[in-house]
Structure formats: C-alpha cells, structure tokens
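Structural overview
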Amino acid sequence: MKIHKMSIVLPFLLITPIFAQLFYPKHKTIRKFHLITSHRANWHQALFDCRSLSMNLVSIYSKEENDNIVQQIKDGGYIKEDFWTSGTKLGNKDNTYRWMGSGKPVNFTDWAVGEPNGRVEEVACIHYNNDKGNAQSDQKWDDYSCHSKFFFICEQELIEYEYCST
Ligand SMILES: [Ca+2]
C-alpha cells in the first residue's frame, strides 16, 4: 500500500501551532512605572485614578524598582514633590504594611530616617518623601495621612514577547 507523503506530513503541520503556542513566542511580564503629575489626589483617590487608567497604584518589591522610580522623579524635575505608592497598613489587623495594588506584604523598604512614625490609624499610607533637600529623607519612604493630596505613581503590566528569528 502506498501512503501519500502528505498524510504523514499534514498531522505534524497541524500540531505545530499547538507546540508554537506552548513554547513560542517566549514572553515575560514587565512592569512600567508612570508618574502622574496632572493633579494631586488623596491616597484613596490615587487608587481609583490609577484603576481608571487600567493601571494600579504602584507596588515596589526591590531596590532596582525603587531606584528606577527615584530616578524618574529626579529626571522629571519633581524632587520637591511627594508621590503616593500603594503601601498601607490601613485596616490591617496585624498592623503591618501591604501593597494595596497587589495584596503582597511590604518586604523591601526604603524608609527615611525615623520612619515609619505614624501613631494614629489614618497615618498609614506610604509616599515618596520630599524633605526639601535633606539627603536622608528626600525620595525616601514616609508614612503619612492618607487624606493628604500628592502626585502618585501608577504601574502598568506589559507582556514583552521574544520572537525566534530562525
Ligand atoms: Ca511619617
């Protein structure tokens, strides 16, 4: 019996896209940070405003990410401004900080000297501090009244694909 060549090749051609979907294109999720300087908002409003832009108020997990944001603040000429992050201990029974944007605990920290020092419940939201030229505090983290109005930082998740060129 003669088997046509295509009857062998065709099934392989049909399953190739399945393998391609499983293994290619390779991709990774990257997080991009956006300084929102169009208006100042209290912490809760900043959460809403980031969501309305299909983003989240920023969560920070590493020195690298923190350095990236501080550099953006400096490059943008905003060293005399304060910026909200999503860090808070509002409503946390164990009185520890979490990132509202992701629900994850705050592990990496970059507190200004003497911070966090909030003793009342409403002083529970983390912002990048502007301490008017004090190198120990400028662009470091400070817990502050969540009702205060600051600029804020939204994060955007993007999928970056790597294409195979062969
Ligand atoms: Ca404080």
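All of the points below concern the structure found in this document. (Residues numbered from 1 in each chain as written. Predicted model: local features only at pLDDT ≥ 70, side-chain atom pairs only at ≥ 80, totals over all residues. Heavy atoms only, no water.)

1. What to know about the coordination of the calcium ion
Only Glu115 (OE), Asn117 (OD1), Asp142 (OD), Asp143 (O) and Asp143 (OD) from the protein reach the calcium ion as donors, at distances of 2.2 to 2.4 Å. Each donor residue of the calcium ion belongs to the same chain, and together they define the spacing E-x1-N-x24-D-D. Linking Asn117 in the loop between strand 4 (98-99) and strand 5 (123-128) with Asp142 in strand 6 (residues 141-145), this pair joins segments that are 25 residues apart in sequence. (Donors = N, O, S within 2.8 Å, 3.2 Å for Na, K, Ca; no water. Helix = DSSP H or I, 4+ residues; strand = E, 2+ residues; numbered from the N terminus.)

2. Re the pattern of salt bridges
By the definition in use, this model includes six salt bridges. Here Glu160 ties to Lys28 by a salt bridge, and the two come within 3.7 Å at their closest N and O atoms. Linking Glu160 in strand 7 (residues 150-162) with Lys28 in strand 1 (residues 26-41), this pair joins segments that are 132 residues apart in sequence. We classify Lys28 as partly exposed; its relative accessible area is 43%. Put simply, Glu65 and Arg31 hold a salt bridge, and the shortest N to O gap is 2.4 Å. Residue Glu65 is found in helix 3 (residues 63-75), and its partner Arg31 is found in strand 1; the two are separated by 34 residues along the sequence. The class of Glu65 is buried, set by a relative accessible area of 17%. Sharing partners across several salt bridges, the network here consists of Arg31, Glu65 and Glu155. (Salt bridge = Lys/Arg side-chain N within 4 Å of Asp/Glu carboxyl O. Buried < 20%, exposed > 50% of the residue type's maximum accessible area, 1.4 Å probe, protein only.)

3. A word on the nonpolar core
Across soluble globular proteins, nonpolar side chains show a tendency to be buried alongside one another. Residues Ile60, Ile69, Phe83, Tyr128, Trp141 and Ile153 are the most contacted members of the largest nonpolar core, which totals 16 residues. Residue assignment for this core shows that the elements contributing at least two residues are strand 1, helix 3, strand 5 and strand 7. Once residues lying within four places of it in the same chain are set aside, the contact partners of Ile69 are Phe33, Val58, Ile60, Tyr128 and Ile153. Of all hydrophobic cores here, the second largest spans 15 residues; its members include Ala46, Leu57, Ala124 and Cys146. (Core = buried A, V, L, I, M, F, W, Y, C linked by side-chain atoms within 4.5 Å. Contact = heavy atoms within 4.5 Å.)

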